[in-house]
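Chain by chain, the residues:
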Amino acid sequence: MRKRRSGTAGLVAAVTAGCAVAVLGSGPSWALQQRPEPRPAVDVAAPGTSGASTLPALVPAPGAPEASTLPAVVAAPSHSHLEVVRLDPDPAVPGGTTTIHAFVADYGPDTTASPFTVTVTLPEGVTAEGPYFPEDCQVVALGRQVSCVFGPGLKEGRSATALVPVRLSPAVPLGLLEGGSVAVRSADDPFGKNHRQPYEIKVVETSGDA
């Protein structure tokens with residue numbers, strides 16, 4: 001296996017330096033770092049090759065329009081290794097707001113060929129408060145999680161970021177608010193490591209506290 005082109009520290013530095021480029025695609029949502037791609041970069045192999053699976057044509061029900069006889073071609077999962085890179089949000093005051101940066105990197109060696117889902121779990125006393133990025137992120141698990149789906153095409157050495165604004169309860173105590181996490185799930189990397197990372201929110205007395 002080839003060596004990773006860039007480490008976690010370099011990816012975090014790129015984000016903190018303000019190098020992120022946010023792009024919305026016409027299909028599943030996009031938030032790619034570095035140079036954006038105009039569309040998902042998936043190479044779909046022709047039927048009969050090892051890189052594609054051919055699905056049989058569906059038989060229409062009586063009276064229904066005739067189904068297409070063309071085989072459906074589905075890209076096979078890639079050998080891409082996805083990891084969540086820990087990024088703690090900015091401090092916030094009780095009753096105030098901050099933003100969770102759910103930062104996922106592709107360490108390769110391949111470009112992702114399957115969609116992947118980023119899930120942000122919120123600590124107690126914290127509520128998701130949109131708008132989110134991508135804008136079609138969904139609040140699930142009775143408001144305790146925010147789920148964001150990204151399309152295929154994330155290249156080796158690139159990253160994707162979901163932005164989830166949150167509001168703290170006025171009753172949360174000062175100090176570190178724990179229990180939050182960011183997780184990624186993908187058919188391209190079902191058994192890899194570092195698929196989940198925790199984050200902490202520093203609750204401060206005034207917005208100027210560091």
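Residues numbered from 1 in each chain as written. Predicted model: local features only at pLDDT ≥ 70, side-chain atom pairs only at ≥ 80, totals over all residues. Heavy atoms only, no water.

Topic: the nonpolar core
Membership of the largest hydrophobic core comes to 30 residues, with the highest contact counts inside it found for Ile-100, Phe-116, Val-118, Val-120, Val-164 and Val-182. Where this core is concerned, the elements lending two or more residues are strand 3 (80-85), strand 4 (97-109), strand 5 (116-121), strand 6 (126-128), strand 8 (145-150), strand 9 (159-168), strand 10 (175-186) and strand 11 (196-203). The greatest single-element share of this core, amounting to five residues, is contributed by strand 9. Filtering out sequence-adjacent residues up to four positions away, Val-164 remains in contact with Thr-98, Thr-99, Ile-100, Val-120, Ala-128, Tyr-132 and Val-146. If you look at the next biggest cluster of nonpolar residues, it comprises five residues, including Val-85, Phe-103, Ala-105 and Tyr-107. (Core = buried A, V, L, I, M, F, W, Y, C linked by side-chain atoms within 4.5 Å. Buried < 20%, exposed > 50% of the residue type's maximum accessible area, 1.4 Å probe, protein only. Helix = DSSP H or I, 4+ residues; strand = E, 2+ residues; numbered from the N terminus. Contact = heavy atoms within 4.5 Å.)

Observations regarding the pattern of salt bridges
Applying the stated criterion to the full structure yields three salt bridges. Across the salt bridge formed by Asp-88 and Arg-86, the nearest N and O atoms sit 3.2 Å from each other. Through salt bridges that share partners, Arg-86, Asp-88 and Glu-200 make up one connected network. (Salt bridge = Lys/Arg side-chain N within 4 Å of Asp/Glu carboxyl O.)

Considering the sheet that holds strand 8
Reading across from one edge, 7-8-5-10-11 is the order of the five strands in this open sheet, with antiparallel pairing throughout. In the strand order of this sheet, the two ends are held by strand 7 (138-140) and strand 11, each with one partner. Ignoring strand direction, the axes of neighbouring strands in this sheet form an average angle of 25°. Alignment of strand 7 against strand 8, held across three bridges, turns out to be antiparallel. Residue Gln-138 lies in a different strand from strand 8, and its bridge partner there is Ser-147. (Pairing = 2+ DSSP bridges. Axes fitted to C-alpha atoms, helices over the stretch in contact; angles between N-to-C directions.)

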